[in-house]
Amino acid sequence: MTEINKPSEPVDCPSLDVQDVVKRAIELNDYSYLLAQVPYSQFIGMSVARFGDEMVFKLPAKDDNIGNPVLPAIHGGVIAGFMEMSAIVQLMVFMQAKKVPKIVDFSIDYLRAGLHQDTFAECKITRQGRRVANVNINCWQNNRKQLIATARAHFLID
């Protein structure tokens, strides 16, 4: 007889070292492996491209991300999670992080509806101290100058 609630056996795989994952992503200029380690980023379908010192994050139009089917519009929590995850990845890459930054606070301003279409975000690290980093995040759809949301976040980095 098998037990229904028996936990599955651990899969034989090496434990992930955050610094190695980040280093590999930077060397290959391919951040898909880094994002693949985060189940939420996979769930919402986010991706990223780096152009020199700028990273642009993409949230593709996806039916599962809709919060208001009447408009249809992306769920506000999905937008906030996308922006927060974008800031974390940006910090990890530019700091060549040894561990994942911890969120201290996150404040978002929704400026207009995020319609059911591709959405983009960019992050600016405005201050990086020894222990805390401040990040501003802008999110848009068709026009980079017409933001759908803006956010500020503080992260504990060490």
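Residues numbered from 1 in each chain as written. Predicted model: local features only at pLDDT ≥ 70, side-chain atom pairs only at ≥ 80, totals over all residues. Heavy atoms only, no water.

You'll find the protein chain entered in an unreviewed UniProt entry as PaaI family thioesterase, with Shewanella subflava given as the organism.

Caption draft 1: Spatial organisation of the sheet that holds strand 6 (residues 119–128). Spatial strand order, 1-2-6-7-8-5: six strands in an open sheet with antiparallel pairing. At either end of the open sheet lies a strand with only one pairing partner, and these are strand 1 (47–51) and strand 5 (102–110). Pairs of neighbouring strands in the sheet enclose a mean axial angle of 25°, with direction left out of account. (Pairing = 2+ DSSP bridges. Helix = DSSP H or I, 4+ residues; strand = E, 2+ residues; numbered from the N terminus. Axes fitted to C-alpha atoms, helices over the stretch in contact; angles between N-to-C directions.)

Caption draft 2: Fine view of the packing of aromatic side chains. Summed over all chains, the structure comprises one aromatic pair. Ring centres of Phe120 and Trp140 lie 6.0 Å apart, and the angle between their planes is 25°; on these two criteria the pair is classed as stacked. Pair noted here: Phe120 is in strand 6 and Trp140 is in strand 7 (residues 132–140), with a separation of 20 residues, a long-range link. The side chain of Arg24 reaches across the aromatic face of Tyr33, ending 4.2 Å from its centre. Lying across the ring of Phe43, Lys62 places its NZ or CZ 5.3 Å from the centre. (Phe/Tyr/Trp six-rings, centres within 6.5 Å; stacked < 30°, edge-to-face > 60°. Lys NZ or Arg CZ within 6 Å of the ring centre and 35° of its normal.)

Caption draft 3: Geometry of the pairing of strand 1. Summarising the sheet, strand 1 and strand 2 (residues 54–59) pair through five bridges and their orientation is antiparallel. Bridge pairing in strand 2 places Ala49 opposite Val56. A loop of two residues connects strand 1 with strand 2, the two strands running antiparallel in sequence, and Gly52 in this loop sits at a positive phi of about 65°.

Caption draft 4: Quick look at the pattern of salt bridges. Counting across every chain of the model gives four salt bridges. One salt bridge in this structure joins Glu122 and Arg144, with 3.0 Å as the shortest N-O distance. Linking Glu122 in strand 6 with Arg144 in the loop between strand 7 and strand 8 (147–156), this pair joins segments that are 22 residues apart in sequence. What makes Glu122 buried here is its relative accessible area of 13%. On the accessibility criterion, Arg144 (38% relative accessible area) is partly exposed. Several salt bridges share partner residues, and in doing so they unite Glu54, Glu122 and Arg144 into one network. (Salt bridge = Lys/Arg side-chain N within 4 Å of Asp/Glu carboxyl O. Buried < 20%, exposed > 50% of the residue type's maximum accessible area, 1.4 Å probe, protein only.)

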